[in-house]
Amino acid sequence: LTGKTVDLAEYKGRETALLFWNPGCGFCQRMKDDLKAWEEARPEGAPELVVVSTGTKEANEAFGLTSPVLLDHGFTVASRFGANGTPMAVLLDKDGKVASPVAAGAPGVFDLLNRDRSTATAGA
């Protein structure tokens, strides 16, 4: 939302969840409060969260998320990761490689964000 281009290499060394989002999506709107609560009390060991969103800067700012929000106007970044709707998410490992299947819907997204990393394996 700052107008800068972001390279995912900036997140290398940290597990990162990419959340594909649309401020106009009813499913995204319904999970907003739970997502904000997750941001405020992020579990220990939880991945960094980066929101990759369609919509306008203003619409995304109105959601009030504290995680970085990157605009993906044509949904091209999301589709490269296999997302075909919102909300969906994928986990990247510390090397920046995809480490999970695409999670769909609020329950799938929160499962990905909250799963126990001590027993998780790459590709799980």
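So, here is what we can say about the structure in this document. The model shown is predicted, which means the values in this text are computed figures rather than measured ones.

1. A short note on the environment of Ala-83
Assignment of secondary structure puts Ala-83 in the loop between helix 3 (76-80) and strand 4 (88-92). Given a relative accessible area of 4%, Ala-83 falls into the buried group. Along the chain, Ala-83 and Val-102 lie 19 residues apart, while their C-alpha atoms are 6.6 Å from each other. Setting aside its immediate chain neighbours within four residues, Ala-83 contacts Phe-20, Phe-75, Ala-78, Met-88 and Val-102.

2. As for the environment of Leu-18
Inspection of the secondary structure puts Leu-18 in strand 1 (residues 16-21). When the C-alpha atoms of Leu-18 and Leu-113 are compared, they prove to be 9.9 Å apart, with 95 residues separating the residues in sequence. Sequence-distant contacts of Leu-18, that is, excluding residues within four places in its chain, are made with Leu-8, Val-50, Val-52, Phe-81, Met-88, Ala-89, Val-90 and Leu-92.

3. Some words on the environment of Ser-100
With respect to the secondary-structure elements, Ser-100 resides in the loop between strand 4 and strand 5 (103-104). Each C-alpha atom, one on Ser-100 and one on Ala-17, is 9.6 Å from the other, the two residues being 83 residues apart in sequence. A polar side-chain atom of Ser-100 sits 2.9 Å from the main-chain amide nitrogen of Leu-91.

4. Regarding the packing of aromatic side chains
Applying the stated criterion across every chain, the model contains 2 aromatic pairs. With 5.4 Å between their ring centres and 85 degrees between their planes, Trp-21 and Phe-63 make a pair best called edge-to-face. On the criterion of sequence distance, the pair formed by Trp-21 in strand 1 and Phe-63 in helix 2 (residues 57-63) is long-range, its members being 42 residues apart. One exposure class covers both Trp-21 and Phe-63, and it is buried. The residue whose ring lies beneath Lys-32 is Phe-63, and the NZ or CZ to ring-centre distance is 5.7 Å.

Rules behind the numbers
- Residues numbered from 1 in each chain as written.
- Predicted model: local features only at pLDDT ≥ 70, side-chain atom pairs only at ≥ 80, totals over all residues.
- Heavy atoms only, no water.
- Helix = DSSP H or I, 4+ residues; strand = E, 2+ residues; numbered from the N terminus.
- Buried < 20%, exposed > 50% of the residue type's maximum accessible area, 1.4 Å probe, protein only.
- Contact = heavy atoms within 4.5 Å.
- Polar contact = N/O pair within 3.5 Å; in protein donor to acceptor, adjacent residues only side chain to side chain.
- Phe/Tyr/Trp six-rings, centres within 6.5 Å; stacked < 30°, edge-to-face > 60°.
- Lys NZ or Arg CZ within 6 Å of the ring centre and 35° of its normal.

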